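Single-letter residue listing:
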Amino acid sequence: VQLQASGGGLVQAGGSLRLSCAASGRTFSSYAMGWFRQAPGKEREFVAGISWSGGSTYYGDSVKGRFTISRDNAKNTVYLQMSSLKSEDTAVYYCAARNTIVVTTPGGYNYWGQGTLVTVSS
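Presented here is a report on the structure given in the accompanying data block. These numbers come from a predicted model, not from an experiment.

As a further point, take the overall build of the protein chain. A tally of regular secondary structure across the protein chain gives 0 helices and 11 strands. For the protein chain, the α and β elements follow one another from N to C terminus as β-β-β-β-β-β-β-β-β-β-β. In terms of C-alpha radius of gyration, the protein chain reaches 13 Å, essentially the compact-globule figure of 14 Å for 122 residues. If one aligns the C-alpha atoms of the protein chain with their principal axes, the spans along those axes are about 40 × 25 × 25 Å. Pairs at least 24 apart in sequence give 57% of the contacts found in the protein chain among residues at least 6 apart. Entry remark: accessible area of the protein chain is about 6100 Å², with carbon and sulfur atoms responsible for 48%. Of the charged side chains in the protein chain, 11 are positive and 6 negative; the average position of the first set lies 8 Å away from that of the second.

Right under this line is the structure:
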């Protein structure tokens, strides 16, 4: 599967942004999806994950209550709605796919998008 992330940009602290990740391939609905982020000089961090059906979602502690992951299998797209953004949310955001359950480690994902930059100004 090929992934294309989009929706990044510059936003003020407290604002909102929605990221999208479009997937190619007929088997998108069978993949668990994840969003990760990586800030300069830091390791890639798990942000959110969603099961193949969308019935189960998972979040990193730093984004719980502020970010929401969702998917539309008919459109082969997964979303990350980000609200109450903080300067520490500034990073390149990546979407990723794996063909079983959601895991929080980057190494567990088989496919990656190219990343989209989110910059939060304080």
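Here the narrative resumes, following the displayed structure.
This next bit is on the pairing of strand E4 (residues 32–38). Most of E4 sits inside the fold, with 6 of its 7 residues counted as buried. Of the strand pairs in this sheet, E4 and strand E9 (residues 91–98) are connected by 7 bridges, and their pairing is antiparallel. Bridge assignment links glycine 34 to a residue of E9, and that residue is alanine 96. The pairing of E4 with strand E5 (residues 45–50) spans 5 bridges and is antiparallel.

Below, the discussion takes up the environment of alanine 91. Tracing the chain through its elements places alanine 91 in strand E9. Taking relative accessible area as the criterion, alanine 91 reaches 2% and is therefore assigned buried. Between the C-alpha atom of alanine 91 and that of leucine 80, which follows or precedes it by 11 residues, the distance is 14 Å. Ignoring any residue separated from it by four or fewer positions in sequence, one finds alanine 91 in contact with Arg37, Gln38, Ala39, Thr116, Leu117 and Val118.

Bringing the environment of serine 30 into the picture now. In this fold, serine 30 is placed in the loop between strand E3 (17–23) and E4. The exposure class assigned to serine 30 is partly exposed, which follows from its relative accessible area of 38%. Ignoring anything within four residues of it in the chain, the contact list for serine 30 reads Trp52 and Asn99. A polar contact of 2.6 Å, which involves the side chain of serine 30, links it to the backbone oxygen of threonine 27.

Counting 28 residues, the largest nonpolar core has Met33, Trp35, Leu80, Met82 and Tyr93 as its most contacted members. The set of elements that each furnish at least two residues to this core consists of strand E1 (3–6), E3, E4, E5, strand E7 (67–72), strand E8 (77–82), E9 and strand E11 (116–121).

Reading the values: rules and limits
Residues numbered from 1 in each chain as written. Predicted model: local features only at pLDDT ≥ 70, side-chain atom pairs only at ≥ 80, totals over all residues. Heavy atoms only, no water. Helix = DSSP H or I, 4+ residues; strand = E, 2+ residues; numbered from the N terminus. Rg over C-alpha atoms; globule rule 2.2 N^0.38 Å. Contact = heavy atoms within 4.5 Å. Areas by Shrake-Rupley, 256 points an atom, 1.4 Å probe, with all protein chains shown as cover. Lys, Arg positive; Asp, Glu negative; His and termini not counted. Charge placed at Lys NZ, Arg CZ, Asp CG, Glu CD. Buried < 20%, exposed > 50% of the residue type's maximum accessible area, 1.4 Å probe, protein only. Pairing = 2+ DSSP bridges. Polar contact = N/O pair within 3.5 Å; in protein donor to acceptor, adjacent residues only side chain to side chain. Core = buried A, V, L, I, M, F, W, Y, C linked by side-chain atoms within 4.5 Å.

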